[in-house]
Amino acid sequence: EAGVTQSPTHLIKTRGQQATLRCSPISGHTSVYWYQQALGLGLQFLLWYDEGEERNRGNFPPRFSGRQFPNYSSELNVNALELEDSALYLCASSLAGGSVQPQHFGDGTRLSIL
Amino acid sequence: SQQGEEDPQALSIQEGENATMNCSYKTSINNLQWYRQNSGRGLVHLILIRSNEREKHSGRLRVTLDTSKKSSSLLITASRAADTASYFCATVAGGYQKVTFGIGTKLQVIP
């Protein structure tokens, strides 16, 4: 069984640009979660999608947005990039049932802002 | 804001010893989960303990939950070098089942 896959592995952008990160969940998983892991700050919850709908959102500005497609894959978009957006962005998926289900993580996209 | 706070932030032990990591949280939870993260990789789910459970085992892992003290502990027995990783607790709370991760404990097991 293929795990959660994220692309690209690394992404280098400059301030003010826009970034798109992609995530493919495990087959059969309908929930997708996005997290930001900046150095020394642990994982910060960004977004939770389930069945194509946004279920919950963390304390991030509106320039962080995303969507979930009919095949349950997901995209995270970050507009007007700032230096502090440099981080590892992790995607996780789970079966339906929300957070009573364990989350399965991809290896992340490392976003570097120059 | 962080819900779970792991303690210690870093731990270094010899192979074969036991490792104990603690997690404290502030509000009522639905369940608490422990994850492991190897350097540069995603997180791997280890164990989920529900708010009405007090102890759970999985192989060399033992998790306890004390809801009156709002704390949990993860014990790894007979540690191995391969256990070297960061360990995170994640609390699940609220009607929207929000998952909140702590900063993690960095465990180093010396062969």
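Refer to the preceding data block for the structure.
My aim in this report is to walk through the structure given alongside it, one point at a time.

Calculation notes
Residues numbered from 1 in each chain as written. Chains lettered and ligands numbered in written order. Predicted model: local features only at pLDDT ≥ 70, side-chain atom pairs only at ≥ 80, totals over all residues. Heavy atoms only, no water. Helix = DSSP H or I, 4+ residues; strand = E, 2+ residues; numbered from the N terminus. Contact = heavy atoms within 4.5 Å. Buried area = accessible area lost by both parts, 1.4 Å probe. Salt bridge = Lys/Arg side-chain N within 4 Å of Asp/Glu carboxyl O. Buried < 20%, exposed > 50% of the residue type's maximum accessible area, 1.4 Å probe, protein only. Pairing = 2+ DSSP bridges. Phe/Tyr/Trp six-rings, centres within 6.5 Å; stacked < 30°, edge-to-face > 60°. Disulfide = S-S within 2.5 Å.

Take the environment of Ala92(A) next. Inspection of the secondary structure assignment puts Ala92(A) in strand β9 (residues 87-94). Sequence-wise, Ala92(A) and Gly106(A) are 14 residues apart; in three dimensions their C-alpha atoms are separated by 6.1 Å.

Another point: the interface of chain B and chain A. Each side of the interface is counted separately: chain B has 22 residues, and chain A has 22 residues. Note on chain B versus chain A: buried area summed over both sides is about 1700 Å², and carbon and sulfur give 50% of it. In terms of surface lost to chain A, no three residues of chain B exceed Leu43(B), Lys98(B) and Phe101(B), which account for 24% of the buried area on that side. Joining chain B to chain A, the criterion identifies 1 salt bridge. Across the salt bridge formed by Asp107(A) and Arg41(B), the nearest N and O atoms sit 2.9 Å from each other. Those elements giving two or more residues to the side of chain B that touches chain A turn out to be β4 (31-37), β5 (43-50), β9 (85-93) and β10 (98-101) of chain B.

The next thing to look at is the pairing of β9(B). Residue and element names in this part refer to chain B. Buried residues dominate β9, accounting for 9 of its 9 residues. Every second residue of β9 is oriented toward a common face, with Ala85, Tyr87, Cys89, Thr91 and Ala93 on one face and Ser86, Phe88, Ala90 and Val92 on the other, all of them buried. Pairing geometry for β4 and β9, over 7 bridges, is antiparallel. Counterpart to Tyr35 in the pairing with β9 is Phe88.

Now for the packing of aromatic side chains. Going through the model one piece at a time under the given rule, you end up with 8 aromatic pairs over all chains. Between the aromatic rings of Phe105(A) and Tyr35(B), the centroid separation amounts to 5.7 Å while the plane-to-plane angle is 80°, which identifies the pairing as edge-to-face. Here Phe105(A), found in strand β10 (residues 104-105), pairs with Tyr35(B), found in strand β4, and the two come from separate chains. For the residue pair Phe105(A) and Tyr35(B), the accessibility class agrees, reading buried in each case. Among the aromatic residues, ring-to-ring pairing joins Tyr35(A), Phe45(A), Phe105(A), Tyr35(B) and Phe101(B) into one connected group.

Let's shift gears to the state of the cysteines. If you walk through the whole model with that rule in mind, you get 2 disulfides over all chains. In this model, Cys23(A) is linked to Cys91(A) through a disulfide, with the two sulfur atoms separated by 1.8 Å. Measuring handedness by torsion sign, the sulfur bridge of Cys23(A) and Cys91(A) sits at about -65° and is left-handed. One end of the pair, Cys23(A), is in strand β3 (residues 19-24); the other, Cys91(A), is in strand β9, with 68 residues separating them in the sequence. Taking the relative accessible area as the measure of exposure, Cys23(A) reaches 2% and is therefore buried. Under the relative-accessibility criterion, Cys91(A) is labelled buried at 0%. Here Cys23(B) connects covalently by a disulfide to Cys89(B), the sulfurs 2.0 Å from one another. Of note, the bridge from Cys23(B) to Cys89(B) carries an S-S torsion of about 60° and is right-handed in sense. Here Cys23(B) is found in strand β3 (residues 19-24), whereas its partner Cys89(B) is found in strand β9, with 66 residues between them in sequence. Both residues of the pair, Cys23(B) and Cys89(B), belong to the buried class.

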